[in-house]
Amino acid sequence: MMNRWWKRGMAVLLTATALTSLTACVNQNQKELKKQESSADVQTDDTISLEIDDPQEKKAVETAKKKVQESGGDPKIIATSPAVAEICDKLELDLTGVCESSVSTIPKRYKDATTVGTAMSPDMEVVASLDPDWILSPISLQSDLQPKYEAIGTDWAFLNLRSVQGMYRSIQELGEIFDREEQAQKEVDKFTKFYKEYKKKSKDQEKPKVMILMGLPGSYVIATPNSYVGSLVELAGGENVYPDSDQEFLNVNTEDMKTKEPDIILRTAHALPDQVMEMFEKDFAENDIWQHFEAVKNKRVYDLSYGSFGMSANFKYQDALEELQGILYPESDVDKTETQEGI
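This report concerns the structure included in the present document.

### A closer look at the overall build of the protein
Then, number 1: The secondary structure content of the protein amounts to twelve helices and 15 strands.
Then, number 2: Residue pairs at least 24 apart in sequence account for 64% of intrachain contacts in the protein once pairs closer than 6 positions are excluded.
Then, number 3: A total accessible area of about 15,800 Å² is found for the protein, and carbon and sulfur atoms account for 45% of it.

### A closer look at helix 10 (residues 273–286)
Then, number 1: Compared with an ideal rise of 1.5 Å per residue, which puts 14 residues at 20 Å, helix 10 spans 20 Å between its outermost C-alpha atoms and is within 8% of the ideal.
Then, number 2: Within helix 10, burial applies to Val276, Met277, Met279, Phe280 and Phe284. All buried residues of helix 10 lie within an arc of 155° about the axis, which places them on one face of the element. Exposed residues on helix 10 whose side chains face more than 90 degrees from its buried face are Asp274, Glu278, Ala285 and Glu286.
Then, number 3: Those residues of helix 10 that are buried are in contact with strand 10 (209–216), strand 11 (219–223), strand 14 (264–269), helix 11 (294–297) and strand 15 (301–303).

### Some remarks on helix 6 (residues 164–177)
Then, number 1: With 14 residues, helix 6 should reach 20 Å at 1.5 Å per residue; the first-to-last C-alpha distance of 20 Å fits that figure.
Then, number 2: Taken across its 14 residues, helix 6 has 13 buried, putting it largely inside the fold.
Then, number 3: Of the residues one or two after helix 6, aspartate 179 is the one with positive phi, at around 60°.

### Thoughts on the pairing of strand 9 (residues 155–159)
Then, number 1: For strand 9, the tally of buried residues reaches five of five residues, placing the bulk of the element in the interior.
Then, number 2: Of the two faces of strand 9, the one lined by Asp155, Ala157 and Leu159 and the one lined by Trp156 and Phe158 are each fully buried.
Then, number 3: Alignment of strand 8 (residues 134–138) against strand 9, held across five bridges, turns out to be parallel. Residue pairing across strands places tryptophan 134 opposite aspartate 155, the latter belonging to strand 9.
Then, number 4: Regarding the hand of the β-α-β motif, the stretch spanning strand 8, helix 5 (residues 142–152) and strand 9 is right-handed.

### Details of the side chain of serine 170
Then, number 1: Of note, serine 170 is situated in helix 6.
Then, number 2: Take serine 170: its relative accessible area is 0%, and that puts it in the buried class.
Then, number 3: Of note is the side chain of serine 170, whose polar atom sits 3.4 Å from the backbone nitrogen of asparagine 160.

### Examining the packing of aromatic side chains
Then, number 1: Scanning the model with the defined rule gives 15 aromatic pairs in all.
Then, number 2: When the centroid spacing of 4.7 Å and the interplanar angle of 10° are considered together, the rings of tyrosine 168 and phenylalanine 191 count as stacked. Placement of tyrosine 168 in helix 6 and of phenylalanine 191 in helix 7 (residues 181–200) is noted, with a sequence separation of 23 residues between them. Each member of the pair, tyrosine 168 as well as phenylalanine 191, carries the same accessibility label: buried.
Then, number 3: An aromatic cluster is present here, built from Tyr168, Phe191, Phe194, Tyr195, Tyr198, Phe315 and Tyr317 joined pairwise through their rings.
Then, number 4: Above the face of the tyrosine 242 ring, lysine 260 is positioned so that its terminal group lies 5.0 Å from the ring centre.

### Focus on the nonpolar core
Then, number 1: Ranked by size, the top nonpolar core spans 61 residues in total, and within it Leu266, Tyr317 and Leu324 carry the most contacts.
Then, number 2: Within the second largest apolar cluster, 20 residues are counted, among which are Tyr242, Leu250, Ile265 and Met277.

### Things to note about the pattern of salt bridges
Then, number 1: Scanning the model with the defined rule gives 15 salt bridges in all.
Then, number 2: With a closest N to O distance of 3.3 Å, glutamate 181 and lysine 65 form a salt bridge. Note that glutamate 181 is positioned in helix 7 and lysine 65 in helix 2 (residues 55–71), a separation of 116 residues in sequence.
Then, number 3: Judged by its relative accessible area of 34%, glutamate 181 is partly exposed.
Then, number 4: Assessed through its relative accessible area of 22%, lysine 65 is described here as partly exposed.
Then, number 5: A salt bridge links glutamate 261 to lysine 258, with the shortest nitrogen-to-oxygen separation between them at 2.5 Å.

### Some points on the packing of helix 6 against helix 7
The geometry of a pair of packed helices is captured by two quantities: the angle between their axes and the separation between those axes.
Then, number 1: Contact pair helix 6 / helix 7: the axes reach a minimum separation of 7 Å and the direction vectors enclose 160°. Of the possible angle classes, the one that applies to helix 6 and helix 7 is roughly antiparallel. As for how helix 6 packs across helix 7, the hand of that crossing is left-handed. Contacts between helix 6 and helix 7 involve Val164, Tyr168, Ile171, Gln172, Gly175 and Glu176 from the first element and Glu181, Ala184, Gln185, Glu187, Val188 and Phe191 from the second.

### Regarding the layout of surface pockets
Then, number 1: Approximately 1,100 Å³ is the volume found for the largest pocket.
Then, number 2: Considering the residues around the largest pocket, the lining is formed by 31 residues, among which Pro82, Val103, Ser104, Met311 and Ser312 are closest to the centre.
Then, number 3: In terms of residues, the lining of the largest pocket owes the most to one element, helix 3 (residues 82–90), which gives three residues.
Then, number 4: Here the residues of the lining of the largest pocket are counted per class, giving 13 nonpolar, 13 polar and five charged.

Rules and cut-offs
- Residues numbered from 1 in each chain as written.
- Predicted model: local features only at pLDDT ≥ 70, side-chain atom pairs only at ≥ 80, totals over all residues.
- Heavy atoms only, no water.
- Helix = DSSP H or I, 4+ residues; strand = E, 2+ residues; numbered from the N terminus.
- Contact = heavy atoms within 4.5 Å.
- Areas by Shrake-Rupley, 256 points an atom, 1.4 Å probe, with all protein chains shown as cover.
- Expected span 1.5 Å × (residues − 1).
- Buried < 20%, exposed > 50% of the residue type's maximum accessible area, 1.4 Å probe, protein only.
- Arc of directions from axis to C-beta.
- Pairing = 2+ DSSP bridges.
- Right-handed = clockwise from strand over helix to strand, strands pointing away.
- Polar contact = N/O pair within 3.5 Å; in protein donor to acceptor, adjacent residues only side chain to side chain.
- Phe/Tyr/Trp six-rings, centres within 6.5 Å; stacked < 30°, edge-to-face > 60°.
- Lys NZ or Arg CZ within 6 Å of the ring centre and 35° of its normal.
- Core = buried A, V, L, I, M, F, W, Y, C linked by side-chain atoms within 4.5 Å.
- Salt bridge = Lys/Arg side-chain N within 4 Å of Asp/Glu carboxyl O.
- Axes fitted to C-alpha atoms, helices over the stretch in contact; angles between N-to-C directions.
- Parallel < 35°, antiparallel > 145°, perpendicular 65-115°, else oblique.
- Left-handed = near helix turned anticlockwise from the far one by under 90°.
- 1 Å grid on protein atoms, 1.4 Å probe; cavity = no way out; pocket = protein on both sides within 12 Å on 5 of 7 lines; lining within 4 Å.
- Points joined across faces, edges and corners; volume = space filled by probe spheres on them.
- Nonpolar A, V, L, I, M, F, W, Y, C, P; charged D, E, K, R; others polar.

Structure representation (structure tokens):
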């Protein structure tokens, strides 16, 4: 189960519809970096290998690296999301353009960079005017943004930020492409050290069954292990009751949810957290079926902190995993806080 999940979580840099779906290479005509599914090894002592060892994946990275080297000088790069900008900051990459955000802080390193609009909808006139060599974006926005990038004829890559491990694999690839291997390895080492120590806290404990509700104003969906919050739950040792979907989120009725009988129900927000949590409170109070869930009866329903559980992997994952530790394993030695108490 664990090894299968790690393999599923390792989609890296990306992607061209003109090429076969799992062949990693750079299309010199389209100027695109192809998506490659690869694996990470999980050892019995919870150490993790994120080495780029797939031959096709390595070829893609080497080709992109060669293009950067042959271009001469520092490439002009645009990061279109706060999470991507934070990764670039860790890698000590300069940016020509960054997104604007009202909920996330862009690293100070980029205070003089041109803003190019929001992550969801970058202003392509501004983007084109900057004449970028590379545009970096999260994979979750690929279907919307890829045609726009193709139209202005630039190189681009979409980063797998659907999981922490996917983020670090992308960091390694960016490090190699842009001559930042040392900075990338430093970040990977921090992750592997943290995770090895983290897993000791719940060693040999039984995995609780978890259902994750991702709320939007007026509705909610189920988060699978292919979503970022779902990947965090599995990193923390939880067993998602909807494990087998290829999608990030599912529309499921409460009757089907009841058949899964989760030990724990987690609630989180896609946006507007105050409105979403008010919606959850109202629905759980007025919809009688919730009172039949064992998790509700046992007061094991938890609202996750909005600041730590976003839509894309970021460096707040340690805070998120520590929060989950206290929820999934309340008998562990993790200090309990008011935010971890069930309703």
